[in-house]
Amino acid sequence: MPGDPSKRRKWVIIGSIVAVVAVIAIAVGVGVGVTQSNKDKNSSASSSGSGSSTVGEAGSASNPGGPKQTDPNDPSTFQTDPNLRKAFWAIAYTPEGSQLPNCGNSLQNVIKDVQLLSQITTRVRLYGADCNQSALVLEAIKQTKTNIEVYLGNYVVPDDNGTAYTRQRDVIKQAIQTYGTDHIAGITVGNEFMLNYMQDHGAGSPDSAIGDTGAQILIANIQDTRKMLSDMKLSKNIPVGNSDAGAWFNTKVLESVDYGMANVHPWFANTTIQDAASWTNQFFQETNVGPAAKLTNKPKMYIAETGWPTKSSDKGNESNGAALASVPNLQIFMDTFVCQANNNGTGYFFFEFFDEKWKDDQFGGVEGWWGLFNADRSLKNITIPNCTAP
């Protein structure tokens, strides 16, 4: 679990990564770097509670929205929405109520989410495994009979002697034993681990001596996950990867994984909305894809998060330089990024499925307002791009 909430930071903006940006600019010609911080540190693998992967009764839904069902007892009979289409390569998703210290998620709510998610994508990523979320999502996929693959997540905490990692590893193992591997696309070990570790130990290059020390914690967990999967003697190979802020990958970590997921948010680069899509692609290619291709193992690189906030809870955070939070600007970013990324072969996880009230309550600003859907699962006043993701 991620420790005392008072130690958590809000998203990291440009000013906090000047040193790293300078290094990147020299190395790859990118003048700015962008990262986000711990919003999902609180979100998923921060989600804890029950260590069991047994799915119980579907609890009551705090947000009743979602598709109607022809048969109320059969989640696979949900009615599709003509306004939705599978335009997104993948979606970043955390089930509602998956935060410590109170796990309040439910199978009923996750089923509603999966019914909607299956209409806009064939892939989702989770950030952690606590609060039973691995099993809940896999059970929801089973009951809805939808074609979704999940990148399971294990949120690693650097200063807890492996407690959070081990707990999540064990429930991931249980989920695999219960549901098999058909709907599992990978296991992502660590989310913004290096970003958080370097900030806790004095920001600098993730490939510095301090960075390499932190990386050894993460690499040990990655190797342990590989051993767990090997010992299970599965018929399907499950890739093991890592996710971090775009400018904060440690090279030794990337050399240890099958894939890397990079958070690339144009909002934090102070771009105009008109330049946001091109900035995202350039930053990702130069900062992540290019360097990874030079490594011996050539890890596949994905954009772990990219999107655009639709509002701010206070006027002061409504803009970040030239970037303005609004629904029309979300529409522009989708229209200029999604289909183009689909066509050029970029794997990306659009951030995010729905607005998360807990982030707004805890952090304010734009933190809670990145969803394609409102918190009640109603689609925002947007038009899903007219293309189909590969």
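- Under an unreviewed UniProt entry, the chain has the name glucan endo-1,3-beta-D-glucosidase and belongs to Marasmius crinis-equi.
- Word for word, the UniProt comment on the chain under Sequence similarities (unreviewed entry) is "Belongs to the glycosyl hydrolase 17 family."
- Listed under Function (unreviewed entry) in UniProt, the entry text for the chain is "Glucanases play a role in cell expansion during growth, in cell-cell fusion during mating, and in spore release during sporulation. This enzyme may be involved in beta-glucan degradation. Active on laminarin and lichenan."

## Topic: helix 8 (residues 273-293)
Part 1: Between its terminal C-alpha atoms helix 8 stretches 29 Å, which fits the 30 Å expected from 21 residues at 1.5 Å a residue.
Part 2: Of all the bends in helix 8, the largest measures some 40 degrees and sits at Gln285.
Part 3: Those residues of helix 8 lying buried are Ile273, Ala276, Ala277, Trp279, Thr280, Phe283, Phe284, Thr287, Asn288 and Ala292.

## Looking at the pattern of salt bridges
Part 1: Following the criterion strictly, the structure yields 13 salt bridges and no others.
Part 2: Between Asp361 and Lys357 there is a salt bridge, with the nearest N and O atoms lying 2.8 Å from each other. With a gap of 4 residues between them, Asp361 and Lys357 both fall in helix 10 (residues 357-363), about one helical turn apart.
Part 3: Residue Asp361 is classed as exposed on the basis of its relative accessible area of 52%.
Part 4: According to the relative accessible area criterion, Lys357 is exposed, its value standing at 57%.
Part 5: Each of Glu96, Asp113 and Arg377 takes part in one network of salt bridges that share partners.

## Comments concerning the pairing of strand 8 (residues 259-263)
In regular strands, side chains alternate between the two faces of the sheet.
Part 1: With 5 of 5 residues buried, strand 8 is to be regarded as a mostly interior element.
Part 2: Alternating positions in strand 8 separate into two faces, Tyr259, Met261 and Asn263 on one and Gly260 and Ala262 on the other, with burial throughout.
Part 3: Pairing analysis gives 5 bridges linking strand 7 (residues 240-245) to strand 8, with the strands arranged parallel. The residue bridging Ser243 from the neighbouring strand is Met261, located in strand 8.
Part 4: Pairing of strand 8 with strand 9 (residues 300-306) involves 5 bridges; the strand directions are parallel. Opposite Ala262, over in strand 9, you have Ile303 as the bridge partner.
Part 5: For the crossover that starts at strand 8, traverses helix 8 and ends in the parallel strand 9, the hand is right-handed.

## A word on the state of the cysteines
Part 1: Per the stated rule, a full pass over the model turns up 2 disulfides.
Part 2: Numbered in order of appearance, the disulfide-bonded cysteines of the chain are paired 1-2, 3-4.

## Looking at the nonpolar core
Part 1: Ranked by internal contacts, the top residues of the largest apolar core, which has 102 residues, are Phe88, Val150, Ile187, Val338, Tyr348, Phe350 and Leu372.
Part 2: The residues contacting Val150, other than those within four sequence positions of it, are Val124, Leu126, Val137, Leu138, Ile141, His183, Ile184, Ala185 and Gly186.

## So, the packing of helix 2 (residues 107-117) against helix 3 (residues 133-144)
Part 1: Packing of helix 2 against helix 3 brings their axes to within 9 Å, and their N-to-C directions diverge by 60 degrees. The angle between helix 2 and helix 3 falls in the class oblique. Judged by the twist between their axes, the crossing of helix 2 over helix 3 is right-handed. From helix 2, Leu107, Val110, Ile111, Val114 and Gln115 reach across to helix 3, where they touch Leu136, Val137, Glu139, Ala140, Ile141, Gln143 and Thr144.

## Remarks on the side chain of Asn191
Part 1: Following the sequence through the fold, Asn191 ends up in strand 6 (residues 184-191).
Part 2: A polar atom in the side chain of Asn191 sits 3.2 Å from the side chain of Arg125.
Part 3: Within the local environment of Asn191, its side chain forms a polar contact with the side chain of Ser243, the two groups lying 3.3 Å apart.

## As for the environment of Asn317
Part 1: By the element assignment, Asn317 lies in the loop between strand 9 and strand 10 (319-320).
Part 2: Owing to a relative accessible area of 35%, Asn317 belongs among the partly exposed residues under this scheme.
Part 3: The spatial distance from the C-alpha of Asn317 to the C-alpha of Val366 is 6.7 Å, given a sequence separation of 49 residues.
Part 4: Discounting residues that sit within four places of it in the chain, Asn317 has contacts with Trp267, Ser312, Gly365 and Val366.

Rules and cut-offs
Residues numbered from 1 in each chain as written. Predicted model: local features only at pLDDT ≥ 70, side-chain atom pairs only at ≥ 80, totals over all residues. Heavy atoms only, no water. UniProt positions renumbered as here; feature names shortened; annotations may be inferred. Helix = DSSP H or I, 4+ residues; strand = E, 2+ residues; numbered from the N terminus. Expected span 1.5 Å × (residues − 1). Bend = angle between axes of the 7 residues up to and from the residue. Buried < 20%, exposed > 50% of the residue type's maximum accessible area, 1.4 Å probe, protein only. Salt bridge = Lys/Arg side-chain N within 4 Å of Asp/Glu carboxyl O. Pairing = 2+ DSSP bridges. Right-handed = clockwise from strand over helix to strand, strands pointing away. Disulfide = S-S within 2.5 Å. Core = buried A, V, L, I, M, F, W, Y, C linked by side-chain atoms within 4.5 Å. Contact = heavy atoms within 4.5 Å. Axes fitted to C-alpha atoms, helices over the stretch in contact; angles between N-to-C directions. Parallel < 35°, antiparallel > 145°, perpendicular 65-115°, else oblique. Left-handed = near helix turned anticlockwise from the far one by under 90°. Polar contact = N/O pair within 3.5 Å; in protein donor to acceptor, adjacent residues only side chain to side chain.

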